[in-house]
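Below, each chain spelled out in residue letters.
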Amino acid sequence: MQDIRSVLRDTKPGASITAKGWVRTRRDTKNAVFVELNDGSCFNGLQCVFDAASLDDAARASLAQVSTGAAVAVAGVLVESPAAGQPVELKASGLTVYGPSPADSYPLQKKAHSFEFLREIAHLRPRTNSFGAVARVRNQMAFAVHSFFQERGFQYVHTPIITASDCEGAGEMFQVTTLDLDAIAKRGEPVDWTKDFFGKRAYLSVSGQLNVETYCMALGRVYTFGPTFRAENSNTPRHLSEFWMIEPEMAFAELPENMDLAEAFIKHLLSWALERCGDDLAFFDKRIQPGLIAMLDSVRSSTFAHMSYTDAVKELEARKDDFEFKPFWGCDLQTEHERYLTETVVKGPLIVTDYPRDLKAFYMRRNDDGETVRAMDVLVPRIGEIIGGSEREYRHDVLLDAMKDKHLDPASYWWYLDLRRYGSAPHSGFGLGFERLMRYVTGMENIRDVIPFPRAPKQADF
Ligand code: 4AD
Ligand code: MG
């Protein structure tokens, strides 16, 4: 069976074909019924024309069941379309209705629906233009991630989802347990975690970085790409409780090389989208974010700006009345600050480096000033932070000191410290939030609309 994408792209008029898919719209005129069929293989559907005069009783009976949402097969001959809007159409002769879709109850009618409403029917929303396009772009972006790293000799490492260590040290982890906590509470006993499944407390991973670093110190250039989990109570258009992250790690690389990799990576992803997702991006450009394609195109040929955290704070302090949260040296950059820097100051992607060490995770390499670390955040217009990364602290004693500083128990990171005992080397890496990238590339406003089944506080339906 051919999908509609290949029919529209490759099939010559005159060919007999059968197309299968879901009905988007049905329009009846005096002499014909026009059915737009979409199978998800591409943005455009195939217009199928049923000529009323030439239909037999069986086909006419089946046609009665054709309404928006129905799953059907249409057989016929592909012809050049006399009407504007599509180059070819299917002159239908046969029709099979696999599954009708009663119009009085099917929630997706022809009219436009709000994204809020569509989130409530996440099982049906992939059948809309917007979510079909998001799904196809997401697929291409995942492919582009692997193509980028594979072409550059990075090896894909599968890091665990269940872990006993908190990579970011922020304590925002979901606990995993098989203990019957209710029963223990009823007996009035304290919880004995040594009786839990793993013999100690376990969590869903917030990042694969610590694990991927071990493979970095053996294979040199590696990356992981998987789901990560954060139990932060952030109900925003930019946070998810479950999101996908791409984390490369390079041995013998310092911060400048890390920044170059991040810039090349983002440009590769944007180019890939422009080259392979043309129809879907055209839709986003027209309906979601006007100017999207021109923006993506200009970023892929731009040079990312660089700024130290200290200079960034100076920029912000000069305009401090504009911000709800007043900036000062030592403050965590808020989204309003990040957006001002990238949208107004540099008007494009910006890499901010050398943050105060109190703001960042324990594993970042400490600068000689003792106060800042070799961190890098990549900020982009509209989104703010899209990448967070750093050069890693590879000096055992400095790392140990940083752990103590942050009240982490070195004993539970013994294997991570071992990497600094045996053959330690400078290395660097970063994490790209896949859904932040998806927001950037599609122009979609809410992060919950660029992942098939969003997980957020009080939201785990479907
Ligand atoms: O800055 P983060 O917390 O960095 C790390 O996890 C490092 N271990 C990465 C590394 O160096 N290997 O997260 C990295 C990125 C952020 O820049 C953001 O794009 C995304 O992950 N991110 C989220 N995306 C959606 N929802 C959330 N709650 C996110 N938290 C972080
Ligand atoms: Mg970060």
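Here, every reference points to the structure presented above.
Reference entry: report on the structure contained in this document. (Residues numbered from 1 in each chain as written. Chains lettered and ligands numbered in written order. Predicted model: local features only at pLDDT ≥ 70, side-chain atom pairs only at ≥ 80, totals over all residues. Heavy atoms only, no water.)

Applying the stated criterion across every chain, the model contains 30 salt bridges. When the shortest N-O distance is used, the salt bridge between Arg 152 and Glu 151 registers 3.9 Å. On the basis of relative accessible area, Arg 152 is assigned to the partly exposed category, the value being 35%. Glu 151 gets classed as exposed once you look at its relative accessible area, which sits at 58%. Here Glu 445 ties to Arg 382 by a salt bridge, and the two come within 3.5 Å at their closest N and O atoms. Here Arg 382 lies in the loop between strand S14 (372-380) and strand S15 (384-391) and Glu 445 lies in the segment after helix H14 (434-442), a separation of 63 residues in the sequence. Judged by relative accessible area, which is 15%, Arg 382 ranks as buried. Through salt bridges with shared partners, one network takes in Glu 213, Glu 249, Arg 392 and Arg 420. (Salt bridge = Lys/Arg side-chain N within 4 Å of Asp/Glu carboxyl O. Buried < 20%, exposed > 50% of the residue type's maximum accessible area, 1.4 Å probe, protein only. Helix = DSSP H or I, 4+ residues; strand = E, 2+ residues; numbered from the N terminus.)

Together, Ile 161, Ile 162, Phe 197 and Phe 198 give the surface a local cluster of nonpolar side chains, amounting to about 390 Å² of exposed area. When you line up the elements, Ile 162 lands in strand S7 (residues 162-163). (Patch = residues over 30% accessible without salt bridge, like charges linked within 9 Å, V, L, I, M, F, W, Y side chains within 5 Å. Areas by Shrake-Rupley, 256 points an atom, 1.4 Å probe, with all protein chains shown as cover.)

To continue, consider the packing of aromatic side chains. Scanning all chains against the criterion turns up 22 aromatic pairs. For the ring pair Phe 143 and Trp 272, a centre distance of 5.2 Å and an interplane angle of 75° mean the geometry is edge-to-face. Linking Phe 143 in helix H4 (residues 129-151) with Trp 272 in helix H7 (residues 255-276), this pair joins segments that are 129 residues apart in sequence. Taking relative accessible area as the criterion, Trp 272 reaches 9% and is therefore assigned buried. Measuring from ring centre to ring centre gives 6.0 Å for Phe 225 and Trp 244, while their planes differ by 85°; the resulting arrangement is edge-to-face. One end of the pair, Phe 225, is in strand S10 (residues 221-229); the other, Trp 244, is in strand S11 (residues 242-251), with 19 residues separating them in the sequence. Members of the aromatic cluster, connected to one another through ring pairs, are Phe 148, Phe 149, Phe 154, Tyr 156, Tyr 223, Phe 265 and Phe 430. The ring of Tyr 416 carries Arg 420 above its face, with NZ or CZ at 4.1 Å from the centroid. (Phe/Tyr/Trp six-rings, centres within 6.5 Å; stacked < 30°, edge-to-face > 60°. Lys NZ or Arg CZ within 6 Å of the ring centre and 35° of its normal.)

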